[in-house]
Amino acid sequence: MKLQLLIDRIILEGKSLPPSQRRRLYADIEAELTALLTMNGIPNRLQSAGTLANLSIELDGISELPGTRIGQAIAHAIYRELNR
């Protein structure tokens, strides 16, 4: 099965990132989501929904995480939400 996942925007409330860090964050999220999808498969919600208009997640304590861990935490939260 081929999956194309497009994330239009990510809003981090309370955390401001310069453009270079945002690009790194997006790359970290993409890499971790790719790994999760490869290891665990495509969630049923994506297989049956086709398109999701909106996906909202909340992460506590994200501002205390170091660089790449933020992207990994966001990817895991997205994957968890897709499995609900």
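**What about helix α1 (residues 19-40)?**
Taking 1.5 Å per residue as the helical rise, α1 with its 22 residues ought to reach 32 Å, and the 31 Å between its terminal C-alpha atoms agrees with that figure. Where α1 is buried, its residues touch α3 (67-82). The positive-phi residue at the C-terminal boundary of α1 is G41, with phi of around 90 degrees.

**Let's talk about the packing of α1 against α3**
Each pair of packed helices can be summarised by the angle the axes make with each other and by the distance between the axes. Interaxial distance between α1 and α3 falls to 8 Å at its minimum, and their mutual angle equals 45 degrees. When the axes of α1 and α3 are compared, the pair comes out oblique. Along this stretch, α1 crosses α3, giving a crossing that reads as right-handed. Of α3, the residues touching α1 (which contributes R24, L25, D28, I29, E32, L33, L36, L37 and N40) are G67, T68, I70, G71, Q72, I74, A75, H76, I78 and Y79. Looking at the contact of α1 with α3 residue by residue, the class counts come to 10 nonpolar, six polar and three charged.

**Quick notes on the pattern of salt bridges**
Pairs can form between side chains of opposite charge whenever their charged atoms are close. This model, assessed by the stated rule, comprises two salt bridges. Here R24 ties to D28 by a salt bridge, and the two come within 3.1 Å at their closest N and O atoms. Of this pair, R24 and D28 are both found in helix α1, four residues apart, which corresponds to roughly one turn of the helix. For D28, a relative accessible area of 10% gives the class buried. Across the pair E81 and R84 runs a salt bridge, and its minimum N-O distance is 3.3 Å.

**Here we look at the environment of I78**
When you line up the elements, I78 lands in helix α3. Separated by 45 residues in sequence, I78 and L33 place their C-alpha atoms 8.2 Å apart. In this view, I78 contacts I7, I29, L33, L55 and I57; residues no more than four positions away in its chain are not counted.

**Things to note about α3**
Compared with the 22 Å implied by 1.5 Å per residue over 16 residues, the 24 Å span of α3 between its first and last C-alpha is a close match. Taken together, the buried positions of α3 are occupied by I70, G71, A73, I74, A75, A77, I78, Y79, E81 and L82.

Here is what the cut-offs are and how they apply
- Residues numbered from 1 in each chain as written.
- Predicted model: local features only at pLDDT ≥ 70, side-chain atom pairs only at ≥ 80, totals over all residues.
- Heavy atoms only, no water.
- Helix = DSSP H or I, 4+ residues; strand = E, 2+ residues; numbered from the N terminus.
- Expected span 1.5 Å × (residues − 1).
- Contact = heavy atoms within 4.5 Å.
- Axes fitted to C-alpha atoms, helices over the stretch in contact; angles between N-to-C directions.
- Parallel < 35°, antiparallel > 145°, perpendicular 65-115°, else oblique.
- Left-handed = near helix turned anticlockwise from the far one by under 90°.
- Nonpolar A, V, L, I, M, F, W, Y, C, P; charged D, E, K, R; others polar.
- Salt bridge = Lys/Arg side-chain N within 4 Å of Asp/Glu carboxyl O.
- Buried < 20%, exposed > 50% of the residue type's maximum accessible area, 1.4 Å probe, protein only.

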